[in-house]
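Working through the structure, step by step
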Amino acid sequence: MPAAFRVLVDDAAVFPPGNVPLDEAAVAHARHRQAPYADLVGPFVVGDAALPELAGTTGLDVSVVVSGGAGALAPAVAWADRVGVTLAGVEVALRDSATGELAHNARRVVTAVDQLVAGGDLDDEVPVCVEMPRLYGAPPTPDWLAALDELAAMDHRLKLRTGGLDADAFPGSHELAGCIAAALDRELAFKCTAGLHHAVRHRDPQTGFEHHGFLNVLRATRASLDGAAVDEVAALLDETDAGRLLDGTVLDALAGARRWFTSFGSCSISDPLDDLTELGLVSA
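The following refers to the structure shown. Just so we're clear, the structure is a prediction, and the values are computed from it rather than from any experiment.

Observations concerning the packing of helix 5 (residues 173–185) against helix 6 (residues 214–225)
Two measures define how a pair of helices packs: the angle their axes make with one another and the distance between the axes. Packing of helix 5 against helix 6 brings their axes to within 10 Å, and their N-to-C directions diverge by 50 degrees. The angle between helix 5 and helix 6 falls in the class oblique. Here helix 5 runs over helix 6; the crossing is right-handed. Along its contact with helix 5, which presents L176, I180, A181 and L184, the element helix 6 presents V217, A220, T221, S224 and L225.

Quick notes on the packing of aromatic side chains
Scanning all chains against the criterion turns up three aromatic pairs. Both rings, one in F170 and one in F209, keep their centres 5.6 Å apart while their planes meet at 55 degrees; by these two values the pair is tilted. On the criterion of sequence distance, the pair formed by F170 in the loop between strand 6 (157–161) and helix 5 and F209 in the loop between strand 8 (202–203) and strand 9 (210–211) is long-range, its members being 39 residues apart. When sorted by exposure, F170 lands in the same class as F209, which is buried.

Notes on helix 2 (residues 73–83)
Those residues of helix 2 not exposed but buried are L73, A76, V77, A80 and V83. Buried residues in helix 2, looked at end-on, bunch into an arc of 140 degrees, giving them a common side. Of the exposed residues in helix 2, those oriented more than 90 degrees away from the buried face are D81 and R82. Buried residues in helix 2 make contact with strand 3 (61–66), strand 4 (86–93) and helix 3 (102–118). The first or second residue beyond helix 2 is G84, which carries a positive phi of 95 degrees.

About the thresholds
Residues numbered from 1 in each chain as written. Predicted model: local features only at pLDDT ≥ 70, side-chain atom pairs only at ≥ 80, totals over all residues. Heavy atoms only, no water. Axes fitted to C-alpha atoms, helices over the stretch in contact; angles between N-to-C directions. Helix = DSSP H or I, 4+ residues; strand = E, 2+ residues; numbered from the N terminus. Parallel < 35°, antiparallel > 145°, perpendicular 65-115°, else oblique. Left-handed = near helix turned anticlockwise from the far one by under 90°. Contact = heavy atoms within 4.5 Å. Phe/Tyr/Trp six-rings, centres within 6.5 Å; stacked < 30°, edge-to-face > 60°. Buried < 20%, exposed > 50% of the residue type's maximum accessible area, 1.4 Å probe, protein only. Arc of directions from axis to C-beta.

These values are about where atoms sit, not about what they do.
Okay, structure coming up:
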């Protein structure tokens, strides 16, 4: 597996639109981790409410999506330890605020994580990914950017939503390009979630939704690192032709961007793998 694609796809099979039952998804994940393409696959993503159902499961690296904000971090970490899974990541969303409280909410998450690390309950090497509220095409507010500053200061990660169950859940290319630039300006690594099932931007024939491609995001990250303007980065996110998207690109350059674009959650492992194979980027 080329370095550009190692541990790129977090296994989010239990989330929509996959909605695979937890026991089936855990068994399938174990198969993925033993398959020839195992180096592509990241941790098993599960919601904190489902952790008790994993009791007795062995050998499972789990990234836990915490649903209740900063106050729910400690119970989630405790449950992961209780059921015996290996905690490979923690993901939490900041609650939106119209009164300038995003930076405050980010500090609450940072403080909760610091307390868990200081108490020996959370390894300081476990990545913490914080999802910011969507901008919906509006420029980021000072409070939104200040929240990013709080996360970057503690070397946490940003979580960018790139899709969902309705058209409004998919950010436009300029919005996503601006978020990538804001993260890189702060040396803030990020993961993506939802919508990136395929390598290249495309329109889903069933829903009609325009999906971002994970190769587009990877190329956009590389270009932003190299100093491209937001308009140029957005153009790469809009590219629908794989040949033009990858023209002149070497995998080593994309591998360098993985320090910042760490992974994306997908309810399918086969879709990204099949695309990489079809494009000749991964051996069959």
